[in-house]
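Coordinate inspection notes
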Amino acid sequence: MINPARLHSDLSRLARETDMFMATAESLSDDEMTAASLCEGWTRADVIAHIAWNGRALVKLIDWSVTGQEQQLYASPEARAEEISALAALPRQELLGSVRESAEYFADQAQRLTGDLAAEEVHLHGKQIPATSIVALRVAEVIVHHHDLDTAWTIEEADPDSVLNAIEAAVRTMRAKGAPGMTLVTEERDEWVIGDGSLHVSSDREGLLEWLARGATANVEADGPLPTLPAW
């Protein structure tokens, strides 16, 4: 189970990040919604739709952890893409309403994590996720995709612990997808080892997240050539 005090803290941070995401999304005009995002092939509306879809999908991981019965987030990659496209095509206010509703639903369902858990770990795209980190995973989704909207908002505006959640989620992806061996070090003295840890990469947390999530290299340093990373 998650300690109730920790869950309250995690959900409070999630509410803060979601409020900032919503403020950005609500500021976009219809034309700005259809502009390209930092997610290849996705418009800003697609990114916002993904956040709406993701809030409901991650509840299935909560179900899995509480009941012990394995859950699939979606039937197939094609089905996931179709659901997100359908949401993105909604009128602007309906899409924004869907994001709010999914955020409220996830936060409500997350309260179940304070009870006994039948599964201490769940699986997502080949990654093992501690059940106690499901809320942190949602935090990571919100701030990375807020960055993807490519507006005046920057990752520096996120809570430091939220950025840490996102880096840890990205590191799980790198390990699961067999990224080249790296030791990742931040100015804040965090360290993660992937594979044999042979390449030393350093940055502040925000710069490291931008590289791991979207390949931005401007704020990272390494003692060798930076590799092309698996998709986050």
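Attention in this report is confined to the structure presented alongside it. (Residues numbered from 1 in each chain as written. Predicted model: local features only at pLDDT ≥ 70, side-chain atom pairs only at ≥ 80, totals over all residues. Heavy atoms only, no water.)

1. Let's talk about the pattern of salt bridges
Formally: When a carboxyl oxygen of Asp or Glu is within 4 Å of a side-chain nitrogen of Lys or Arg, the pair counts as a salt bridge. To qualify as a helix, a DSSP run of H or I must reach at least 4 residues; to qualify as a strand, a run of E must reach at least 2; elements of each kind are numbered from the N terminus. With a 1.4 Å probe rolled over the protein chains alone, any residue whose accessible area is under 20% of its type maximum counts as buried; one over 50% counts as exposed, and the rest are partly exposed.
Applying the stated rule across the entire model yields eight salt bridges. Across the pair aspartate 10 and arginine 6 runs a salt bridge, and its minimum N-O distance is 3.3 Å. Taken together, the residues aspartate 10 and arginine 6, both in helix α1 (residues 4-27) and four residues apart, mark about one turn of the helix. Its relative accessible area of 6% is what places aspartate 10 among the buried residues. Its relative accessible area of 37% is what places arginine 6 among the partly exposed residues. The structure contains a network of salt bridges with shared partners spanning Arg6, Asp10 and Arg13.

2. Regarding helix α6 (residues 92-110)
Owing to its 3.6 residues per turn, the α-helix brings residues three or four apart onto one side. We apply this condition: A helix is expected to span 1.5 Å multiplied by its residue count minus one. Any two residues whose heavy atoms approach within 4.5 Å at even a single point are treated as in contact.
Given a rise of 1.5 Å per residue, 19 residues ought to cover 27 Å, and the 27 Å separating the end C-alpha atoms of α6 matches this to within 8%. Of the residues making up α6, those classed as buried are Leu95, Leu96, Gly97, Ser98, Val99, Ser102, Ala103, Phe106, Gln109 and Ala110. Packing partners of the buried residues in α6 comprise α1, α2 (30-33), α3 (44-57), α4 (59-67), α5 (77-88) and α7 (134-148).

3. Quick look at the packing of α7 against helix α9 (residues 205-214)
Test applied: Axes here mean lines fitted to C-alpha atoms, for a helix over just the part in contact, with angles spanning 0 to 180 degrees between N-to-C directions. Here is the rule for angles: anything less than 35 degrees is roughly parallel, anything more than 145 is roughly antiparallel, 65 through 115 is roughly perpendicular, and the remaining ranges are oblique. Only Asp, Glu, Lys and Arg are considered charged, only Ala, Val, Leu, Ile, Met, Phe, Trp, Tyr, Cys and Pro nonpolar, and every remaining residue, Gly among them, polar.
At their nearest, the axes of α7 and α9 sit 11 Å apart, and the two run at 80° to each other. In terms of orientation, α7 lies roughly perpendicular with respect to α9. Taken together, the residues of α9 that come into contact with α7 (itself represented by Ile143, Val144, His145, His147 and Asp148) are Leu209, Glu210, Ala213 and Arg214. Residue composition of the contact of α7 with α9, by class: four nonpolar, two polar and three charged.

4. Describing the sheet that holds strand β3 (residues 182-186)
Spelled out, the test is: Pairing between strands is defined by DSSP: at least two bridges between the two strands are required.
The strand order β4-β3-β5-β6 describes an open sheet built from four strands, whose pairing is mixed. Where the open sheet ends on each side, the last strands, each with one partner, are β4 (191-194) and β6 (221-222). Alignment of β3 against strand β5 (residues 199-203), held across five bridges, turns out to be parallel. Bridge pairing in β5 links valine 185 to serine 202. Packed onto the sheet, helix α8 (residues 160-176) meets β3 and β4 and runs at close to 15° relative to β4. Running over the sheet, α9 touches β3, β4 and β5 and is turned about 145° from β3.

5. Considerations on the nonpolar core
Put simply, the rule reads: Side-chain atoms within 4.5 Å link the members of a nonpolar core, which is a set of buried Ala, Val, Leu, Ile, Met, Phe, Trp, Tyr and Cys residues.
The biggest cluster of nonpolar side chains holds 75 residues, and the ones touching the most others in it are Leu184 and Leu212. Leaving out residues up to four positions away in the same chain, leucine 184 has contacts with Val171, Asp190, Glu191, Trp192, Ile194, Val201, Leu208, Trp211 and Leu212.

6. Here's the deal with the environment of tryptophan 53
Relative to the helices and strands, tryptophan 53 is located in helix α3. Judged by its relative accessible area of 6%, tryptophan 53 falls in the buried class. In sequence terms tryptophan 53 and serine 198 are 145 residues apart; their C-alpha atoms lie 37 Å from each other. Look past the residues within four positions of tryptophan 53 in its chain and what remains in contact with it is Leu73, Tyr74, Arg80, Glu83, Ile84 and Leu87.

7. Quick notes on the environment of alanine 15
One can find alanine 15 in helix α1. In the structure, alanine 15 is positioned 45 residues away from lysine 60 in sequence and 20 Å away in space, judged by C-alpha atoms.

8. Focus on the side chain of glutamate 141
The test is simple: Positive charge is attributed to Lys and Arg, negative charge to Asp and Glu, and no charge count is given to His or to the chain ends.
Position of glutamate 141 relative to the elements: it lies in helix α7. Buried charge without a partner: glutamate 141 forms no salt bridge, and the closest opposite charge is arginine 138, 6.4 Å away. If we ignore the near neighbours within four places in the chain, the residues touching glutamate 141 are His50, Ile51, Asn54 and Trp232.

As far as function goes, none of this settles anything; it's purely spatial.
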